Amino acid sequence: MVGIVGLGNVGMGSLTILAENSEQIAQKLGFHLRVKAVCSRSVQQKEIPASLGPVLKTTDWRDVVSHPEVDIVAELVGGTTVAAEIIDAAITYKKSVVTANKELMAASGAEIWSRAIDAGINLAMEASVAGGIPIHAVLREGISGDCVTALYGILNGTSNYILTEIERCGASFEAVLADAQRLGYAEADPSADVNGCDARSKLAILAALAFGEKITPSDIYTEGIERILPVDFQYAHQLNHTIRLICSARKTPQGLLLAVRPALIPTATILAGVRGAYNAIWVRGQYGADTFYYGRGAGPHPTGVAVVSDLMRVAREIRGGSPERVSPFAHERLGEYKPIPVSLQRSAYYIRFRVEDRPGIIAKLAGVLAGQDISIDAVLQIPAENWRDLPFVITVEPATEHSLRQALTEMQTHDFLLEPPLAMPMEKSL
């Protein structure tokens, strides 16, 4: 028996799938998966599918967690406060847990799994990353025999929609964001999406699965997309690149390097073709080489499929009485992550300037770069009429992030700059 706490988009999508697809689910499981109780603050206004039969409706999640007939609790409320209480209580009552909570799992998932092991119950979290893409199952079981060396992903559909719309129509970030909010792709408060924090939580979870290390999200270098202008895409296209918010995790001789930031990627790469509110993950293995996973990153039905699939897997385990459970983090125990600073990254960079035009600007900027032993690759300038706000770009040969930042800091002392330079890595390894 299943109890669902949280009847927002994902909760209602999961209920719809459980109701409309019940017979096929039963055929796959060999038994019916029943919903016994649901909880929401507005549960009386929710239309629960009649085909589910008698279902307890409550506004108190404790009624679901403590219900004697509920075997699996689906936590679909999100956040890190009440959600943590729900999961803690479920473990105390020895109820298995299915969750779509990326923020909580990124911050505390390893500890929650440890308590779940001690309680003899299961924890499943496929829906916490990339909506309808079963990337957890891939890393946990599908390619578990490989040794992952790098993982790159587009993990936030809102940001990807905004970037690809700026690219398509040339509108400003603010205009496209407003349109995304109107269409329901962006929340009223979109800050976690556009500043990279949502993607950071997802990367922390995937990196833990891929590399077996307990990742602290705050250790991941993170930049958002708020400063991207339409002209950045014009320059990127001249370089045969495009711009995406890239979540990267890769092994280096110094350790695991993680980052969430906008980056230029070659237009010939498969990630460059990911448009709109879609997600994608590209994984490189030492033995299996490259694999790619693509699909809807959010939405009631794609994410609901992930929730229901987890419910089925956990229900099958409970019915079969399996004493051995595969960790949701793919490793029996996670090692301690020793973060290495992003300043050690070595890359080619795109640097966009906005200046009040006057003679000698490029010479001064080139001098700053030379002072940090950074070589210029190209200087690009699209003709513009407004000499008081002139954008142009310098691309540089591979350099360390540390030396680039030193140069950028020195550049900001020049009074011809209208804003700090925008620097983005050029991901040549994709």
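Residues numbered from 1 in each chain as written. Predicted model: local features only at pLDDT ≥ 70, side-chain atom pairs only at ≥ 80, totals over all residues. Heavy atoms only, no water.

A word on the nonpolar core
Point 1. Ile135, Ile162, Leu203, Ile215, Leu258, Ile281 and Phe353 are the most contacted members of the largest nonpolar core, which totals 106 residues.
Point 2. No other element matches helix H10 (residues 197-211), which puts ten residues into this core.
Point 3. Apart from the residues within four sequence positions on either side, Ile215 is in contact with Ala106, Ala204, Ala207, Ala208, Ile220, Leu256, Leu258 and Tyr337.
Point 4. Counting 30 residues, the second-largest nonpolar core is a separate cluster that includes Ile4, Val98, Ala124 and Val314. (Core = buried A, V, L, I, M, F, W, Y, C linked by side-chain atoms within 4.5 Å. Buried < 20%, exposed > 50% of the residue type's maximum accessible area, 1.4 Å probe, protein only. Helix = DSSP H or I, 4+ residues; strand = E, 2+ residues; numbered from the N terminus. Contact = heavy atoms within 4.5 Å.)

Focus: helix H2 (residues 22-29)
Point 1. For H2, every residue scored as buried is listed here: Ile25, Ala26 and Leu29. Seen end-on, H2 carries its buried residues on one side only, within an arc spanning 100 degrees. Along H2, exposed side chains directed more than 90 degrees from the buried face belong to Gln27 and Lys28.
Point 2. Among the structural elements, helix H1 (9-20) and helix H12 (300-320) are those in contact with the buried residues of H2.
Point 3. With its phi angle positive at about 90 degrees, Gly30 sits one or two positions after the end of H2. (Arc of directions from axis to C-beta.)

Observations regarding the packing of aromatic side chains
What characterises a pair of aromatic rings is the spacing of the ring centres plus the angle enclosed by the ring planes.
Point 1. Per the stated rule, a full pass over the model turns up three aromatic pairs.
Point 2. Where Tyr278 meets Tyr294, the ring centres are 5.0 Å apart and the plane angle is 0 degrees; that geometry is what we call stacked. With Tyr278 in strand S12 (residues 278-285) and Tyr294 in strand S13 (residues 289-296), this residue pair connects regions lying 16 residues apart in the sequence.
Point 3. Looking at Tyr278, the relative accessible area reads 23%, which means it is partly exposed.
Point 4. Residue classification places Tyr294 among the partly exposed positions, given a relative accessible area of 46%.
Point 5. Residues Phe353 and Phe392 carry aromatic rings whose centres are separated by 5.2 Å and whose planes lie at 25 degrees to one another, so their mutual orientation is stacked. Placement of Phe353 in strand S15 (residues 346-355) and of Phe392 in strand S17 (residues 390-400) is noted, with a sequence separation of 39 residues between them.
Point 6. Judged by its relative accessible area of 0%, Phe353 is buried. (Phe/Tyr/Trp six-rings, centres within 6.5 Å; stacked < 30°, edge-to-face > 60°.)

Remarks on a nonpolar patch on the surface
Point 1. Among the surface-exposed residues, Ile362, Ile376 and Val379 lie close enough to one another that they form a single nonpolar patch of about 200 Å² accessible area.
Point 2. Among the structural elements, Val379 can be located in strand S16 (residues 376-380). (Patch = residues over 30% accessible without salt bridge, like charges linked within 9 Å, V, L, I, M, F, W, Y side chains within 5 Å. Areas by Shrake-Rupley, 256 points an atom, 1.4 Å probe, with all protein chains shown as cover. Salt bridge = Lys/Arg side-chain N within 4 Å of Asp/Glu carboxyl O.)

Regarding the side chain of His136
Point 1. By secondary structure assignment, the location of His136 is in helix H6 (residues 135-142).
Point 2. Those residues in contact with His136, other than ones at most four positions away along the chain, are Met125, Glu126, Ser128, Val129, Glu141, Ile205, Leu206 and Leu209.

Re empty space enclosed by the protein
Point 1. Under the definition given, this model contains one cavity of 30 Å³ or more.
Point 2. Put simply, the largest cavity is a space of about 30 Å³.
Point 3. In terms of lining, the largest cavity is formed by Leu18, Ser22, Ile25, Ala26, His32 and Leu33.
Point 4. Sort the elements by how many residues they give to the lining of the largest cavity and H2 lands first, with three residues. (1 Å grid on protein atoms, 1.4 Å probe; cavity = no way out; pocket = protein on both sides within 12 Å on 5 of 7 lines; lining within 4 Å. Points joined across faces, edges and corners; volume = space filled by probe spheres on them.)

A short note on the pattern of salt bridges
Point 1. Per the counting criterion, the structure on display carries 22 salt bridges.
Point 2. Of the charged contacts in the structure, one is a salt bridge between Asp198 and Lys102, with a shortest N-O distance of 3.2 Å. In this pair, Asp198 is assigned in helix H10 and Lys102 in helix H5 (residues 102-119), connecting sequence segments 96 residues apart.
Point 3. In this structure, Glu167 engages Arg275 in a salt bridge whose closest nitrogen and oxygen atoms are separated by 3.3 Å.

A short note on the layout of surface pockets
Summary: where empty space remains is shown by rolling a probe the size of a single water molecule over the atoms.
Point 1. Considering only enclosed or pocket space, the largest pocket measures out at about 1300 Å³ in volume.
Point 2. Together, 46 residues line the largest pocket, and Val10, Lys102, Glu187, Asp198 and Ala298 are the ones closest to its centre.
Point 3. Of all elements in the fold, only H1, H5, helix H7 (157-169), helix H9 (191-194), H10 and H12 reach the threshold of two or more residues within the lining of the largest pocket.
Point 4. Of the residues forming the lining of the largest pocket, the biggest block, five residues, is contributed by H10.
Point 5. Residue composition of the lining of the largest pocket, grouped by class: 18 nonpolar, 18 polar and ten charged.
Point 6. By volume, the second largest pocket is sized at about 320 Å³. (Nonpolar A, V, L, I, M, F, W, Y, C, P; charged D, E, K, R; others polar.)

A short note on the pairing of strand S7 (residues 148-154)
Point 1. Most of S7 is tucked away, with six of its seven residues classed as buried.
Point 2. Here S7 runs beside S12; their pairing, made up of six bridges, is antiparallel. Opposite Ala150, over in S12, you have Arg284 as the bridge partner.
Point 3. Two elements, S7 and strand S10 (residues 241-252), share four bridges in a ladder whose sense is antiparallel. Opposite Ala150, over in S10, you have Arg250 as the bridge partner. (Pairing = 2+ DSSP bridges.)

Observations regarding the sheet that holds strand S4 (residues 72-75)
Point 1. A sheet is described by the order of its strands in space; here six strands give the open sequence S3-S2-S1-S4-S5-S6, paired in parallel fashion. A strand with exactly one partner marks an edge of an open sheet, and here the two such strands are strand S3 (56-58) and strand S6 (123-124).
Point 2. Bridge count for S4 against strand S5 (residues 96-99) is four bridges, and the pairing is parallel. For Val73, the partnering residue across the bridge sits in S5 and is Val97.
Point 3. Against the sheet, H12 touches strand S1 (2-5), S4, S5 and S6, its axis set at about 165 degrees to S5. (Axes fitted to C-alpha atoms, helices over the stretch in contact; angles between N-to-C directions.)

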